[in-house]
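Next come the chains, spelled out residue by residue.
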Amino acid sequence: MPSAENLRSAIRDVADFPKPGIVFKDITPILANGPLFQDSISLLCDTAGGTKIDKVVGIDARGFIFAAAVADRLGAGFVPVRKKGKLPWNTRGLSYTLEYGENVVEIHEDAVKPGEKVLLVDDLLATGGTAAASLQLLGDLEADIVAVSFLIELGFLKGREKLGSHRIESLIHYAD
Ligand SMILES: O=P(O)(O)OC[C@H]1O[C@H](OP(=O)(O)OP(=O)(O)O)[C@H](O)[C@@H]1O
Ligand SMILES: Nc1ncnc2[nH]cnc12
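Residues numbered from 1 in each chain as written. Chains lettered and ligands numbered in written order. Predicted model: local features only at pLDDT ≥ 70, side-chain atom pairs only at ≥ 80, totals over all residues. Heavy atoms only, no water.

- By the naming in an unreviewed UniProt entry, the protein is Adenine phosphoribosyltransferase, taken from Haloferula chungangensis.
- Quoted verbatim from the Sequence similarities (unreviewed entry) heading of the UniProt record, the comment on the protein is "Belongs to the purine/pyrimidine phosphoribosyltransferase family." (UniProt positions renumbered as here; feature names shortened; annotations may be inferred.)

Take a look at the structure:
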């Protein structure tokens, strides 16, 4: 049985990366372990709650790793939300702040059709800036958000308070 506790045990804390004072949650030990990576995808797929998903949206760059695998498992399309300047077609974009910086995310304007059922996936919820900006872009495209799913939630940063009334799912929660 896939276990979130096994995933938690594999996460590596790296102090002062990428800036002093940040404790970085390194997920690469999960990615490098076949059974653990499979378990992470199974548990993220469960967050769809059995709803038929049209598009799994992943956030650049770590979110892509999980979202693309989830899309494949669910038989859904995959849509990238990318950092500024990487998408070739017409885009909608939004600037945001995150735990250790600021940036702009973009999505292709035709990537999701109005009413399509979307699962938004990222590796980690910290302050919520990245996910909130992505949700706003998806809202502008009139996506039907089924859930917003994270491998990790840094609960003490209260990011979910930025994500409105959407169903927020996280596999591994850190209270402090
Ligand atoms: O909740 P927030 O405070 O917004 O932080 C969370 C975001 O930060 C990380 O991405 P990052 O921008 O570092 O990009 P990466 O995936 O390319 O490493 C992480 O993958 C989330 O997308
Ligand atoms: N503490 C953290 N560890 C890993 N990724 C992050 N993204 C934002 N904050 C992070």
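After presenting the structure, the write-up continues.
1. Here we look at the site of ligand 2
Here is step 1 of the chain: Around ligand 2 sit Ile22, Val23, Phe24, Lys25, Arg62, Glu99, Tyr100, Leu124, Ala126 and Leu154, and that is every residue in its neighbourhood.
Here is step 2 of the chain: Residue Val23 places a main-chain N or O atom 2.9 Å away from a nitrogen atom belonging to ligand 2.
Here is step 3 of the chain: The side chain of Tyr100 places a nitrogen or oxygen atom 3.1 Å from a nitrogen atom of ligand 2.
Here is step 4 of the chain: When the free accessible area of ligand 2 is taken as 260 Å², the share hidden by the protein chains comes to 95%.
Here is step 5 of the chain: Per-element tally for the shell around ligand 2: the top contributor is strand β2 (residues 23-26), with three residues.
Here is step 6 of the chain: The residue inventory of the shell around ligand 2, partitioned by class, reads seven nonpolar, no polar and three charged. (Near = heavy atom within 4 Å. Polar contact = N/O pair within 3.5 Å; in protein donor to acceptor, adjacent residues only side chain to side chain. Areas by Shrake-Rupley, 256 points an atom, 1.4 Å probe, with all protein chains shown as cover. Helix = DSSP H or I, 4+ residues; strand = E, 2+ residues; numbered from the N terminus. Nonpolar A, V, L, I, M, F, W, Y, C, P; charged D, E, K, R; others polar.)

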